[in-house]
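Chains, contacts and geometry: an overview
One letter stands for each residue in the lines below.
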Amino acid sequence: MASAVTNGQLYRDMAPDMKARDRRLRVLDVGNARARLLVEHDLGGPTGKTTHASVTRLTSRAFELLEDTIDDNPRYLAVLTAIAEVHHPDASPADYTRAALNALPTADA
């Protein structure tokens, strides 16, 4: 049984022309029939751009689920989503660190 598509999951595109490129897509938003995805890795194309895919297709053999967001810690998904939002070809480690820190509640709050 295929798992439900949720924000933060990472998929590999298994299409013949994409498999060799190791194209990986992070789910940003899930609608009724389509999901908005961020291209995180693509050996033959640009990263950091968004695209869409059918939710049904994401759960088929056309895509391979690499990372699931099911975790006992609710902060995990918040950090994954924050990092995905700042990810682009020129992102620095500091960009990822700031995104992660901003996604987590502060100890003083």
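Residues numbered from 1 in each chain as written. Predicted model: local features only at pLDDT ≥ 70, side-chain atom pairs only at ≥ 80, totals over all residues. Heavy atoms only, no water.

What about the environment of Thr81?
Heads up, the rule is: Numbering of helices and strands runs from the N terminus, with a helix taken as a DSSP run of H or I at least four residues long and a strand as a DSSP run of E at least two residues long. In this scheme, a residue with accessible area under 20% of its type's maximum is buried, one over 50% is exposed, and one in between is partly exposed, where area comes from a 1.4 Å probe on protein chains only.
With respect to the secondary-structure elements, Thr81 resides in helix H3 (residues 75–86). The class for Thr81 is partly exposed, based on a relative accessible area of 22%. For the pair Thr81 and Gln9, spaced 72 residues apart in sequence, the C-alpha separation works out to 9.2 Å.

Concerning the nonpolar core
Short version of the rule: Residues enter a nonpolar core if they are buried and are Ala, Val, Leu, Ile, Met, Phe, Trp, Tyr or Cys, with the set joined through side-chain atoms within 4.5 Å. Whether two residues are in contact is decided by their heavy atoms, any of which lying within 4.5 Å being enough.
Counting residues in hydrophobic clusters, the biggest one holds 12 residues: Val5, Tyr11, Leu25, Val27, Ala35, Leu37, Val39, Ala53, Val55, Leu58, Ala62 and Phe63. Sorting elements by how many residues they give to this core places strand S3 (residues 34–41) first, with three residues. With sequence-adjacent residues up to four places away left out, Val5 is seen in contact with Tyr11, Val27, Val30, Val55, Leu58 and Thr59.

Details of the packing of aromatic side chains
When we look at a pair of aromatic rings, we describe it by the centre distance and by the angle of the planes. Rules: Note on aromatic contacts: the rings of Phe and Tyr and the six-membered ring of Trp form a pair at centre separations within 6.5 Å, being stacked when their planes are under 30 degrees apart, edge-to-face when over 60 apart, and tilted otherwise.
Enumeration over the complete set of coordinates arrives at one aromatic pair. Aromatic side chains Tyr11 and Phe63 sit 6.4 Å apart centroid to centroid with 85° between the ring planes, which places their arrangement in the edge-to-face category. Note that Tyr11 is positioned in strand S1 (residues 10–13) and Phe63 in strand S5 (residues 63–67), a separation of 52 residues in sequence. When sorted by exposure, Tyr11 lands in the same class as Phe63, which is buried.

Structural notes on the side chain of Arg23
Residue placement: Arg23 occurs in the loop between helix H1 (16–19) and strand S2 (24–30). Accessibility expressed as a relative area gives 11% for Arg23, which makes it buried. Once residues within four sequence positions are removed from consideration, Arg23 is found in contact with Tyr11, Arg12, Asp13, Met18, Val39, His41, Asp42 and Thr51.

Everything listed here is a matter of coordinates, which is why it stays silent on function.
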